[in-house]
Structures are given as structure tokens and as C-alpha cells.
Amino acid sequence: MLIFLATIEDETEKTKIETIYELYAERMFHLSFSILHNNEDAEDAVQTAMVRACKHVKKLQEPYDKSTMWYVLETTKNISIDIYRKKKMMREMERPFDESNDGYGSVSQISSDNKLVKKIMELSVNERDVLMLKYVYGFNYSEISENLGMSAVAARKAAQRAREKLERLLKEE
Amino acid sequence: MTDMQLKNALLEAQEYMLNQLPKIEEHHEFSPGIQRRMKRLIRLERYAVWYRIIKAAVAVMAISIILSGMILAFNDEARAYVVKWFENHFAENGYMYQGGIESNMDISIYTLDGIISQEYQRINRQDSNDSLVEAYADENGRMTIFTVMLSSEEEVFNIVADESINCETVSVNGKQATYYSSDSTDESNAITWQGNNGELLSIRAIMDKESLIKMAEAVDKKR
């Protein structure tokens, strides 16, 4: 039996994951560090986020697309919050983090003319994430559950509730 | 509200959120450990799992054993035949060359004997200076393939991409390893990890993750 080796010889053949890492790793680190305040933990979060991106790379647009950037950052944020919660339980977190902060700074003053966009920003972080993964990236509920740390049933219900909430908010206007 | 309207609004919301991100004030240099792990992840994504190669290799072995009753030997003629066979099947998926590196490490010490379940019998073992393959089969014909190959950090393993394979980072005795699983329960899963001397080890079998990790850890401890 023979086993074959190959080397990457052509630098232009960078993979999507490689480009995503080059473009966003530092931004991912800073987002994670703003939650965890620890270099090692933040790097671990970045690595875990990249592994997850690798798993779903076929569902992502091109690396330079903003939706790809959003996905890797949001994934990093969610992983960082999970690490934060575990450490908080073990009393290892010295600096508190406001979990209602979605990590993007103040998003309450959106200036868009689109009513639907404004209402999306009024959803909770979880509701928004579920809708993003389902409608922007085409994730199924099993994949959503894996990304957000909930069961597939909970993901389905969250998507349904979020959508109903949006429709209700639009009608109230 | 249609799905398309919702999608477009979600994309606009994403753009808005991204525009709120603060500027990066200070450059962060990732630690050597994370850079190494990311390099490996990128390589693994570039060349998925050995799945098709190993699967094809098993097919070659099975055919050779069934048709000729003889074990495929490492003579020049047989080597040329197998190289050609692989090239014909995998040329469209990536670059391949036959090779290995010089090393004083004796990889012949590796074996799954005594580790794999007794329902499996070894049906073939081939080893050379830089590679080792063992094949086991149970009474139902389910195969387990164990491979060891010498490698260096600069070399990338040619792993033919297969869209149905999922990859996950796991641990083998504290070392980072990769577990590859197929969507089908009738197909094999695989685990790969690197030994302390740079050798790359892999086990492919119709087994679950825990069983593969357990076997890998036993191999890793036994060397």
C-alpha cells in the first residue's frame, strides 16, 4: 500500500478558510478579548470559531462578503460568551460582561429607512441570530442548534417566534 | 413579509452592525501555538480526509487478495501499477507525488494488534521506511485501516476532498487530533493525529468517535 504526499506549490490557490482567517482573525480576537479579557481564552475562541466556519464553509459567501464577516464574528462572540459563562460559574472571571450587549457597540440608533431593518434590531440577540442563520445562510435547524448551543426544536421555535414578533412589530407601526 | 424581504433586511442589519465595530487600536500577534493549529486547520480544509485514498486502497487490496490470493508487495512493478491506478482516479482532485522523508524513526513498532477488538483479524500489513499500513476485517467484512507515515511540518497530506465528510477537532492523550465523520452510518469514520516524532497516524473504521479516540490513545501510549 502506498501513501501519497503533496505540497501547496501555488500561492494563488488559497482556500476560502485561509482567506477568511487572514481577513478577520484579528477582528475576531479583539471581539473575543472584549468579552473575555484574556489572550489565551480569546485565541481559543478564535480557533474554535474557525473550526466551526470550516465545517460550514460551503454555506458562506466569498471571504470578502460582509455576510461572511458577520458569521465569523458572531460565531466568535457566541463562543466567547459560552467560555465566559463557564468561567463565571467556576468563578474564574474577574471582569463582568454584559451579556445583553451584542458586541457591536450601540445598535439602538439605526438610521435605516427600512422599517423591517429597524424591527430586526429590536429583536433579542438570540432571535436575530436564529433568523440570520436560517434566512441568510440557509442553515437547517440542526446546524442552527449547533451554532447557538440550543436544541433543534428550540431553534425551530425561536425562528418561528422571531418571525411572528417581527410581523407583529411591523403591524404595530 | 416574504422570505426574500426578510433576507435582504437581515443583510442590511448585518452591514449596519458591522459598521458599528470599533477600530482596532492595537495589533495582536497570535501565539505560536495558535498559528500552528490554524496552519493545520487550513491544510486540513484544503485537503480533506484520506477517506477516498484509504477506501480506494482497501479496494485495491481486497481485489488483489480476492483475485490473486497474494498480498500486494512493494516491488517496482506493483508500485508503478498502484501509482497509475491512483493517478487515474484522483488526478482531477489534487496534486500527488510519491514520497517520504528521511528519518531515523522506526515506525514498524506501530501496530493495532492487541488494541483492536478481537472480532477483527489482521488481513494485511505493509511497511517500508516511511510508511506503514495495516488492514483488519471482521467476519462481516467491515474493514479497519491503520496507517503511519513520516511527515514534516512543511508537508501537506494529500487528502482528497469529499463533500460528505465532517471534520472536528478532538484530543488524543492531550494532543490535538482530527476526527472525520461521514454522514452515512455505513461509511467509515477516521481519526488522524501526529506523533512526537512528526509521524502522522490515522485509523479509519466503521466505528464511532469514542471508539476511534480510545484506539488512537492506546496506540499512542503503546509506542
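Report on the accompanying structure. (Residues numbered from 1 in each chain as written. Chains lettered and ligands numbered in written order. Predicted model: local features only at pLDDT ≥ 70, side-chain atom pairs only at ≥ 80, totals over all residues. Heavy atoms only, no water.)

Let us now look at helix H3 (residues 66-89) of chain A. Spanning 24 residues, H3 of chain A covers 34 Å between terminal C-alpha atoms, matching the ideal 34 Å at 1.5 Å per step. Within H3 of chain A, 17 of the 24 residues are buried, which leaves the element mostly enclosed by the surrounding structure. (Helix = DSSP H or I, 4+ residues; strand = E, 2+ residues; numbered from the N terminus. Expected span 1.5 Å × (residues − 1). Buried < 20%, exposed > 50% of the residue type's maximum accessible area, 1.4 Å probe, protein only.)

For the rest of this paragraph, the subject is the pairing of strand S3 (residues 131-137) of chain B. All names here are of chain B. Where burial is concerned, most of S3 is hidden: seven out of the seven residues are buried. Burial along S3 is two-sided: Ser131, Val133, Ala135 and Ala137 and Leu132, Glu134 and Tyr136, pointing in opposite directions, are all buried. Where strand S2 (residues 121-127) and S3 come together, six bridges link them in antiparallel fashion. Its bridge partner lying in S3, Gln126 is registered against Val133. Counted between consecutive antiparallel strands, the loop separating S2 from S3 contains three residues. Bridging between S3 and strand S4 (residues 143-149) involves seven bridges; their strand directions are antiparallel. By the bridge assignment, Ser131 is partnered in S4 with Met149. (Pairing = 2+ DSSP bridges.)

Once that is clear, we can look at helix H4 (residues 115-122) of chain A. Taken residue by residue, H4 of chain A has Leu116, Val117, Lys119, Ile120 and Met121 of chain A as its buried positions. In the core, the buried residues of H4 of chain A are packed alongside helix H5 (125-136) and helix H7 (152-172) of chain A together with helix H1 (3-19) of chain B. Its side-chain oxygen at 2.8 Å from the backbone nitrogen of Leu116 of chain A, Asn114 of chain A defines the N-terminal cap of H4 of chain A. (Contact = heavy atoms within 4.5 Å. Polar contact = N/O pair within 3.5 Å; in protein donor to acceptor, adjacent residues only side chain to side chain.)

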